[in-house]
Amino acid sequence: MRNPSLLATTLLLGLFSTTLVLAEESTLKEGAKKVGQETGEVVRKVGEETKEFGKAVAATAREVGHATRDGAKEFAKAVKGETSSKPTSSASSSAPAHTHKSN
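Residues numbered from 1 in each chain as written. Predicted model: local features only at pLDDT ≥ 70, side-chain atom pairs only at ≥ 80, totals over all residues. Heavy atoms only, no water.

> What is the right way to read the overall build of the chain from this model?
The number of helices and strands found in the chain is 3 helices and 0 strands. Ordering the α and β elements of the chain from the N terminus gives α-α-α. Buried residues in the chain amount to 10% of all 103 residues. As displayed, the chain has an accessible area near 8200 Å², and 62% of this comes from carbon and sulfur atoms. (Helix = DSSP H or I, 4+ residues; strand = E, 2+ residues; numbered from the N terminus. Buried < 20%, exposed > 50% of the residue type's maximum accessible area, 1.4 Å probe, protein only. Areas by Shrake-Rupley, 256 points an atom, 1.4 Å probe, with all protein chains shown as cover.)

Dropping the structure here:
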């Protein structure tokens, strides 16, 4: 798993050093424009990676929530002395009773 903040910081520091070189080779204004464009691209890429990471976390959280819900139902049945009519295979318990809209 990558740390988006660390990646962004590293890239920004690299871009800062590029600014110093560009300022020597061209005007300060042109160098600043170039660094601004590159920084914007880096921030966009980090944002995309963060979005994908967030989606993966949400999917895992849904799975955990569904498993917890199913476990709580089985616990309640056991406390009442009822037996489960469902098989205890992992395939049936991991299927959600409802679905969430994914973005």
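> Would you mind going over the pattern of salt bridges with me for this structure?
Any two side chains of opposite charge can pair, on the condition that their charged atoms come close. Considering all chains together, one arrives at 4 salt bridges under this definition. Between Lys-34 and Glu-38 there is a salt bridge, with the nearest N and O atoms lying 3.6 Å from each other. Of this pair, Lys-34 and Glu-38 both sit in helix 2 (residues 28–80), separated by 4 residues, roughly a single helical turn. Residue Lys-34 is classed as partly exposed on the basis of its relative accessible area, which comes to 39%. Among the salt bridges present, the one from Arg-69 reaches Asp-70, with a minimum N-O distance of 3.2 Å. When its relative accessible area of 21% is taken as the criterion, Arg-69 is described as partly exposed. With a relative accessible area of 14%, Asp-70 lands in the buried category. (Salt bridge = Lys/Arg side-chain N within 4 Å of Asp/Glu carboxyl O.)

> For this particular structure, what's the right way to read helix 2?
The α-helix winds at 3.6 residues per turn, so residues separated by three or four positions along the chain end up facing the same way. Given a rise of 1.5 Å per residue, 53 residues ought to cover 78 Å, and the 76 Å separating the end C-alpha atoms of helix 2 matches this to within 8%. All buried positions along helix 2 are accounted for by Gly-31, Val-35, Val-42, Val-46, His-66 and Asp-70. Immediately beyond the C-terminal end of helix 2, within one or two residues, lies Gly-81, with a positive phi of roughly 85°. (Expected span 1.5 Å × (residues − 1).)

> Please clarify how the environment of Thr-50 should be interpreted in this entry.
Assignment of secondary structure puts Thr-50 in helix 2. Accessibility expressed as a relative area gives 35% for Thr-50, which makes it partly exposed.

> Looking at this structure, I do not really get the confidence of the model for the chain. What am I missing?
Per-residue confidence for the chain gives a mean pLDDT of 77; residues scoring 70 or more make up 60%. No element of the chain has a lower mean pLDDT than helix 3 (residues 90–94), which averages 48, and none a higher one than helix 2, which averages 92. The model gives residues 90–94 a pLDDT under 50, and that stretch makes 2 contacts with residues more than four places away or in other chains. (pLDDT = per-residue confidence, 0-100. Contact = heavy atoms within 4.5 Å.)

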